[in-house]
Amino acid sequence: MYSIISYLLLMVPFSVLFNLPIFFVILKKKYLTVPYGITVAAILGISLFVIYPFFWVVLCVFFFSSSMLSRMKAKDKSNTTIDFAKGSVKRDAMQVIANGFIPLLFAFGYVLFELLPKIVESDTILHNPNNPLFIGVFVAFSVHTADTWATEIGILSKKPPRLVTNLRRIVDPGTSGGITLNGCLASIFGGVLIGIVYFFAIVISFPPIAINRQIIIILFLIIVGGFSGSILDSIEGATIQGIYYCNHCKKETETNPHKRCGNKTTLYRGNRLINNDFVNLSSALLVTCFISLLISII
Ligand SMILES: [Zn+2]
């Protein structure tokens, strides 16, 4: 027990110290809603840092790259994003949960099944970069990064999107389930970025002996996981997500009432209970569980 107490005494103040400037930037740039968005993000940031600082690094990479892409050409996008469930410029508590809960779940799982048994056995905190739950944290962030990048870059595409469940059908920009080539490429790059963070995490925090052939496979799975998660997100958007129709604007929207005009909308496909946050969360959960299972058997 001695090691865990000394670890917490060291890491909690460190975590607060590292997170403070980050939250200062978030507040200044108005990336999150106050007080709920920022409070949930603080819990997430501090917990991930204490468990393993690179989990926190990957959170920051996801969050800041996504927030910056959201701000990119925000004016050009506003005509499309107003029909989305959430304006993508300022994120609220539910969005933080939708994008942070699965990584945190896997991080807690990693503590429970990898770190705690070792502490009980030998009173040491030893990380294991090959643990499927450890890798799951990166896979989950890869899904969220890939998905957000695909959305933010996809909206700017000059070519109209096609429906993921029927690629011959061209749909309006912003339609749930619509995909573009640019969006797909962006989602791959998002996954690659998270793969790079994983690679640096391993190189910096583990002895060279830990770097082996398996890392290449894991990097590949992090990228594939991100891409397939963003595709699954689109499939859910095209099938089960509740999508409404505004009779006033003659437009499809994710919200009821319609944010653009304030009028009531009618459910026109999908399920009322399944919103954008549910889609984000469930696609990350499914893909991360699948990849982690795959890693545990290879
Ligand atoms: Zn309307």
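Structural notes, computed from the coordinates. (Residues numbered from 1 in each chain as written. Predicted model: local features only at pLDDT ≥ 70, side-chain atom pairs only at ≥ 80, totals over all residues. Heavy atoms only, no water.)

## What to know about the overall build of the protein
Within the protein, the secondary structure is distributed over nine helices and six strands. Whereas a compact globule of 298 residues would reach a radius of gyration of roughly 19 Å, the protein reaches 20 Å, a difference of no more than 12%. For the protein, the spread of C-alpha atoms along the three principal axes comes to 65 × 40 × 30 Å. Here the protein holds 298 residues, and 47% of them are scored as buried. Across the protein, contacts joining residues at least 24 apart in sequence account for 73% of those joining residues at least 6 apart. Working note: accessible area of the protein is about 14800 Å², and carbon and sulfur atoms make up 71% of it. Across the protein, the centroid of the 24 positively charged side chains sits 11 Å from that of the 14 negatively charged ones. (Helix = DSSP H or I, 4+ residues; strand = E, 2+ residues; numbered from the N terminus. Rg over C-alpha atoms; globule rule 2.2 N^0.38 Å. Buried < 20%, exposed > 50% of the residue type's maximum accessible area, 1.4 Å probe, protein only. Contact = heavy atoms within 4.5 Å. Areas by Shrake-Rupley, 256 points an atom, 1.4 Å probe, with all protein chains shown as cover. Lys, Arg positive; Asp, Glu negative; His and termini not counted. Charge placed at Lys NZ, Arg CZ, Asp CG, Glu CD.)

## Regarding the coordination of the zinc ion
Four donors placed tetrahedrally about a metal ideally form angles of 109.5 degrees, and six donors placed octahedrally ideally form angles of 90 or 180 degrees. Ligation of the zinc ion by protein atoms is provided by Cys 246 (SG), Cys 249 (SG), His 258 (ND1) and Cys 261 (SG), these donors lying 2.0 to 2.3 Å from the ion. When the donor residues of the zinc ion are listed from N- to C-terminus, their spacing reads C-x2-C-x8-H-x2-C. Exposure remark for His 258: the relative accessible area of 1% places this residue in the buried category. (Donors = N, O, S within 2.8 Å, 3.2 Å for Na, K, Ca; no water.)

## Focus: the sheet that holds strand β3 (residues 178–179)
The strand order across the open sheet built from three strands is β2-β1-β3, with neighbouring strands paired in antiparallel fashion. What marks the edges here is a single partner per strand, and that holds for β2 (166–170) and β3. With two bridges joining them, strand β1 (residues 162–163) and β3 adopt antiparallel strand pairing. Note that in β3 the partner of Leu 163 across the bridge is Gly 178. (Pairing = 2+ DSSP bridges.)

## Quick word on the sheet that holds strand β4 (residues 243–246)
One open sheet accounts for three strands, arranged β5-β4-β6; its pairing is antiparallel. Since the sheet does not close on itself, it has two edges, and those belong to β5 (251–253) and β6 (266–269), each with one partner. Averaged over all pairs of adjacent strands, the angle between strand axes in this sheet comes to 45°, irrespective of strand direction. (Axes fitted to C-alpha atoms, helices over the stretch in contact; angles between N-to-C directions.)

## Quick notes on the packing of helix α8 (residues 213–239) against helix α9 (residues 276–297)
Relative orientation of the contacting elements α8 and α9 amounts to 145°, with a least axis distance of 9 Å. You can see that α8 and α9 cross each other, and the crossing is right-handed. Touching Leu 221, Gly 225, Ser 228, Gly 229, Leu 232, Asp 233, Glu 236 and Gly 237 of α8 are Phe 278, Val 279, Asn 280, Ser 282, Ser 283, Leu 286, Val 287, Ile 291, Leu 294 and Ile 295, all from α9. (Left-handed = near helix turned anticlockwise from the far one by under 90°.)

## Regarding α9
Spanning 22 residues, α9 covers 32 Å between terminal C-alpha atoms, matching the ideal 32 Å at 1.5 Å per step. Considered for burial, the residues of α9 that qualify are Asp 277, Val 279, Asn 280, Ser 282, Ser 283, Ala 284, Val 287, Thr 288, Ile 291, Ser 292 and Ile 295. Contacts made by the buried residues of α9 are with α5 (93–122), α6 (132–154) and α8. Its side-chain oxygen 3.3 Å from the backbone nitrogen of Asp 277, Asn 275 forms the N-cap of α9. (Expected span 1.5 Å × (residues − 1). Polar contact = N/O pair within 3.5 Å; in protein donor to acceptor, adjacent residues only side chain to side chain.)

## Concerning the packing of aromatic side chains
This structure, assessed with the given rule, holds 22 aromatic pairs. Their ring planes at 40° and their centres at 6.4 Å tell us that Tyr 52 and Phe 206 sit as a pair that is tilted. With Tyr 52 in the loop between α2 (36–51) and α3 (53–71) and Phe 206 in the loop between α7 (181–205) and α8, the pair connects residues that are 154 residues apart, well separated along the chain. The residues Tyr 52 and Phe 206 share a single accessibility class, namely buried. Aromatic side chains Phe 199 and Phe 200 sit 6.1 Å apart centroid to centroid with 80° between the ring planes, which places their arrangement in the edge-to-face category. Among the aromatic residues, those joined into a ring-pair cluster are Tyr 52, Phe 54, Phe 55, Tyr 110, Phe 134, Phe 138, Tyr 198 and Phe 206. (Phe/Tyr/Trp six-rings, centres within 6.5 Å; stacked < 30°, edge-to-face > 60°.)

Any functional reading would require information that these geometric values do not contain.
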